[in-house]
Amino acid sequence: MPDGLPALALFDFDGTITTREMLPDFFRLAIPKRRVQFGGVLLAPLIIGYKLGVVSGSLLRAAIVRLGFTGVPLQRYRDHGLDFARSVLPGVIRPEAAERIAWHRARGDRVIVVSGALDVYLAPWCEAQGLELICSALQHRDGRLTGHYEGPQCVSSCKRERV
């Protein structure tokens, strides 16, 4: 960077900062167990289609969110997110990614995590690291999740638009 001016450093989360995609782990933790069992059967055609490359990840995630989270109390969802951020995420952070983020922060660069993952666990993790965040969120009304995303999922071209 010329003259040592601060830069903008953008990081993807899943598979870049972490060793793997974390959304499936969060789904298994936060979706009520009976819904996971029922959903595995009900969503099997979509899951197979995804693995065959004929169903998009966005469509599959939307279906999982709809089945898994419709009507779930918002506070329970938030509690799962905070627990996941504190107890699961520290164990999957790539040391080299953490070092690179620290390097950018030491330079005074603006560091933003841009992810399709959910704010419920990314926001507490990013806040603890002193990082900004652009990501997906779930919609809620009257203290319960609606089963829909709040706006589009922050993936593909949506990431570029939101940056």
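First things first, this report covers the structure right here in the doc. None of the values given here were measured: they were computed from a predicted structure.

1. Here's the deal with helix α1 (residues 23–30)
Move 1: What α1 keeps buried is the set L23, D25, F26, F27 and A30.
Move 2: The inward-facing, buried residues of α1 contact α4 (57–69), α5 (74–87), β2 (110–118) and α7 (119–129).

2. What about the packing of α1 against α4?
Move 1: The geometry of α1 relative to α4 is characterised by a closest axis approach of 11 Å and an angle of 15° between their N-to-C directions. Considered as vectors, α1 and α4 are oriented roughly parallel to each other. Remark: the crossing between α1 and α4 carries left-handed chirality. Judged by residue contacts, L23, F26, F27 and A30 of α1 engage R61, I64, V65 and F69 from α4.
Move 2: Considering only residue class, the contact of α1 with α4 consists of 7 nonpolar, no polar and 1 charged.

3. Digging into a nonpolar patch on the surface
Move 1: A cluster of nonpolar side chains, namely L8, L10 and V163, defines an oily patch on the protein surface of about 260 Å² accessible area.
Move 2: Turning to its location among the elements, L8 is positioned in strand β1 (residues 8–11).
Move 3: Classification of L8 by relative accessible area gives partly exposed; the value is 48%.

4. A word on the packing of aromatic side chains
Move 1: With the rule as written, the count across this model stands at 8 aromatic pairs.
Move 2: Between the aromatic rings of F27 and F69, the centroid separation amounts to 6.0 Å while the plane-to-plane angle is 55°, which identifies the pairing as tilted. A residue pair is termed long-range when its members are at least 10 positions apart, and F27 in helix α1 and F69 in helix α4 qualify at 42 residues. We note that F27, like F69, is buried.
Move 3: Judged by centre distance (4.8 Å) and plane angle (65°), the ring pair of F84 and Y121 falls under edge-to-face. Here F84, found in helix α5, pairs with Y121, found in helix α7; they are 37 residues apart in sequence, far enough to count as distant. By the burial criterion, F84 is buried, and Y121 matches it.
Move 4: In this structure an aromatic cluster arises from ring pairing among F26, F27, F69, Y77, F84 and Y121.
Move 5: The ring of W103 carries R100 above its face, with NZ or CZ at 4.1 Å from the centroid.

5. Section: the sheet that holds β2
Move 1: Pairing is parallel across the open sheet formed by 3 strands, whose spatial order is β1-β2-β3. A single partner strand is all that each edge strand has here, and the edge strands are β1 and β3 (132–136). The mean inter-strand angle of the sheet, taken between neighbouring strand axes irrespective of direction, is 20°.
Move 2: Taken together, the 4 bridges between β1 and β2 define a ladder with parallel strand orientation. By the bridge assignment, L8 is partnered in β2 with R110.
Move 3: α7 contacts β2 and β3 of the sheet and is inclined by roughly 160° relative to β2.

What counts as what
Residues numbered from 1 in each chain as written. Predicted model: local features only at pLDDT ≥ 70, side-chain atom pairs only at ≥ 80, totals over all residues. Heavy atoms only, no water. Buried < 20%, exposed > 50% of the residue type's maximum accessible area, 1.4 Å probe, protein only. Helix = DSSP H or I, 4+ residues; strand = E, 2+ residues; numbered from the N terminus. Contact = heavy atoms within 4.5 Å. Axes fitted to C-alpha atoms, helices over the stretch in contact; angles between N-to-C directions. Parallel < 35°, antiparallel > 145°, perpendicular 65-115°, else oblique. Left-handed = near helix turned anticlockwise from the far one by under 90°. Nonpolar A, V, L, I, M, F, W, Y, C, P; charged D, E, K, R; others polar. Patch = residues over 30% accessible without salt bridge, like charges linked within 9 Å, V, L, I, M, F, W, Y side chains within 5 Å. Areas by Shrake-Rupley, 256 points an atom, 1.4 Å probe, with all protein chains shown as cover. Salt bridge = Lys/Arg side-chain N within 4 Å of Asp/Glu carboxyl O. Phe/Tyr/Trp six-rings, centres within 6.5 Å; stacked < 30°, edge-to-face > 60°. Lys NZ or Arg CZ within 6 Å of the ring centre and 35° of its normal. Pairing = 2+ DSSP bridges.

These results come straight from atomic positions and should not be treated as a statement about function.
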